[in-house]
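Secondary and tertiary structure notes
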Amino acid sequence: MGLIASAQGLKTVEKARLAKGWARQASIWYGEAHVELPTLKRFLAGKVAVRQENFEAICKAVGVDWKQIVDWEKSGQNRVEDNFDIAQICLKEDCNEMPDVQVFYGREQELENLKQSILQNRSRVVTLCGQPGIGKTALAAKLAEEVKSDFEYFSWRSLNYAPPPTLSELLSNLIKFLSHNENIDLPNNVDDLIRKLLQIFGDRRVLLVLDGWENILRTQAVGVSQTDYEKYGILLKLIGERKHQSCILITTQEESKELSSLKYIPSVNSIRLLGLDLQASLKILNAKKLIFAPQQAEKLINDYKGNPLALNHICEHIQKVFAGNVSHYETKYTILFPLEFEAAINDNCECLSKLESDTLQSIAIESTPIEYEKIKLQIQNNFEVSNSDLQIALSSLFERSLIERYSQGSAMFYNLQPIIRKCVRKLYGLT
Ligand SMILES: Nc1ncnc2c1ncn2[C@@H]1O[C@H](COP(=O)(O)OP(=O)(O)OP(=O)(O)O)[C@@H](O)[C@H]1O
Ligand SMILES: [Mg+2]
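Residues numbered from 1 in each chain as written. Chains lettered and ligands numbered in written order. Predicted model: local features only at pLDDT ≥ 70, side-chain atom pairs only at ≥ 80, totals over all residues. Heavy atoms only, no water.

**Let's talk about the sheet that holds strand 3 (residues 92-94)**
Pairing in this open sheet of 6 strands is parallel, and the strands run 3-5-6-7-4-8 from one edge to the other. Looking along the sheet, the strands with just one partner apiece sit at the ends: strand 3 and strand 8 (268-272). Along the sheet, successive strands turn relative to each other by an average axial angle of 10°, direction set aside. As paired strands, strand 3 and strand 5 (residues 153-158) are joined by 3 bridges and run parallel to one another. What sits directly across from K92, in strand 5, is Y153. Contacts from helix 7 (residues 108-120) reach strand 4 (125-129), strand 7 (247-252) and strand 8 within the one sheet, and its direction differs from that of strand 4 by about 160°. (Pairing = 2+ DSSP bridges. Helix = DSSP H or I, 4+ residues; strand = E, 2+ residues; numbered from the N terminus. Axes fitted to C-alpha atoms, helices over the stretch in contact; angles between N-to-C directions. Contact = heavy atoms within 4.5 Å.)

See below:
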């Protein structure tokens, strides 16, 4: 049964709330009641019914007797009044660009941690970083589906365009949406648009997803009119630093300097996404109806490091060329990658400095992990390199999701995943 509070009852609730010193829609209130913000809003609006258990929990949290404040007559009718604008309390969504993720395996732990970060820890910036095809967009979409009811507005914006939208374009559209597309006077410079968005982020709880952040960085790198793109970094920094009630979720193949420097702010959560685990990866092999022995599957999954894009690609290839039989493929073993994977790695490499590119090639030319000292020696065959420059180059390659690192005893080793090694060797003509 659903319940509606009476006008008098809501006054009692209001007094109890003020006595506690809580804001009207205080997160502590709906947090203690274990309900979502829209439920509290419905309760406070006193127009539509709220599930009895939620109604009781909201009253209990604020310290009033729920039986004393119910409007029994209205609750019995359980109807929405004609002139009540239900849109005022429902989530408003703007997600035409969001993919419809129909197949999604594993990632339970990641989803749980991210949900906690957004709902409980109230992270203001969450970034999902990882190599092409690792599943950032799919995870962001899944996550957004699960947390969006905690927000008043949800917008998904793709940056996967060449060129991506300028910040002015993006903010103008976004602010229009957040202002219900009313004829508002939009500021005509990007700084004022940023200020306006921050003000809205403080007034309302907005979930904004920006998918494909690396496109902004690459636009900068090729030297197109930069100012408006650079301001994306400033926007992000301000969203991380300022106090507000909204959240921006970003997916990116590379970390930018703004993303790295944000990591030290407590309300920022940066996750490096790795491949799917064995069980989830096996589901891809099974869905593609491959025939394999357990150890064959393990090798395949390990070679592609659980990258779902690459796994789907190789499974389809094995299905086409070897009738799905992994044993046949093994005898003619070769690493293959999808074209979009190669294109993304090439784009990434195009932005490297000379030292970064030389470092990457020194690692790629080896077929096993290579030690720090050996990389240094190889580079020094051509020119002198200091430890600090080499370490900055390694750090940049790591942030770009191009290399991996291991420590063994007192030595550090660097490596490339097989598919990245193959792409890099092809790009630089290494044999
Ligand atoms: N958990 C998963 N289970 C099954 N399939 C998945 C999963 N995650 C991603 N995929 C599939 O893998 C492919 C790549 O995923 P996605 O587009 O999310 O990668 P991405 O990291 O965003 O790549 P890019 O860096 O190119 O944007 C898609 O076809 C997607 O459906
Ligand atoms: Mg993506």
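Further notes follow.
**A short note on the domain arrangement of the chain**
By the assigned domains, the chain splits into domain 1 (2-88), domain 2 (92-272), domain 3 (278-339) and domain 4 (352-428). On a C-alpha basis, the centroid separation for the pair domain 1 and domain 3 is 54 Å. (Domains from an automatic or database assignment.)

**A look at the site of ligand 1**
Y105, K136, T137, A138 and Q253 are the nearest of the 15 residues found near ligand 1. Take G133: an N or O atom from its main chain is 2.9 Å from an oxygen atom of ligand 1. Note that an oxygen atom of ligand 1 is positioned 3.0 Å from one of the backbone N or O atoms of G135. Protein chains bury 76% of the 630 Å² of accessible surface belonging to ligand 1 in isolation. Here ligand 1 occupies the largest pocket. Residue assignment for the shell around ligand 1 shows that the elements contributing at least two residues are helix 8 (136-147) and helix 16 (308-322). (Near = heavy atom within 4 Å. Polar contact = N/O pair within 3.5 Å; in protein donor to acceptor, adjacent residues only side chain to side chain. Areas by Shrake-Rupley, 256 points an atom, 1.4 Å probe, with all protein chains shown as cover. 1 Å grid on protein atoms, 1.4 Å probe; cavity = no way out; pocket = protein on both sides within 12 Å on 5 of 7 lines; lining within 4 Å. Sits in = over half its atoms within 2 Å of the grid points.)

**Some details on the pairing of strand 11 (residues 411-415)**
Counting buried positions over the 5 residues of strand 11 gives 4, a clear majority of the element. Two elements, strand 10 (residues 404-408) and strand 11, share 5 bridges in a ladder whose sense is antiparallel. Looking at the pairing, Q408 lines up with A411 of strand 11. Hairpin remark: strand 10 followed by strand 11, antiparallel, with 2 residues in the connecting loop; positive phi at G409, about 60°. (Buried < 20%, exposed > 50% of the residue type's maximum accessible area, 1.4 Å probe, protein only.)

**Brief notes about the environment of N302**
If you trace the backbone, N302 turns up in helix 15 (residues 294-303). Of the residues examined, N302 reaches a relative accessible area of 45% and is grouped as partly exposed. The sequence separation of N302 and G275 amounts to 27 residues, and the corresponding C-alpha distance is 9.4 Å.

**Description of the packing of helix 19 (residues 354-365) against helix 21 (residues 387-399)**
Where helix 19 meets helix 21, the closest approach of the two axes is 9 Å, and the angle between their N-to-C directions is 75°. By the angle class used here, helix 19 and helix 21 are roughly perpendicular. Contact residues: L355, E356, T359, L360 and I363 in helix 19; D389, L390, A393, L394, S396 and L397 in helix 21. Of the residues contributing to the contact of helix 19 with helix 21, the split by class is 7 nonpolar, 2 polar and 2 charged. (Parallel < 35°, antiparallel > 145°, perpendicular 65-115°, else oblique. Nonpolar A, V, L, I, M, F, W, Y, C, P; charged D, E, K, R; others polar.)

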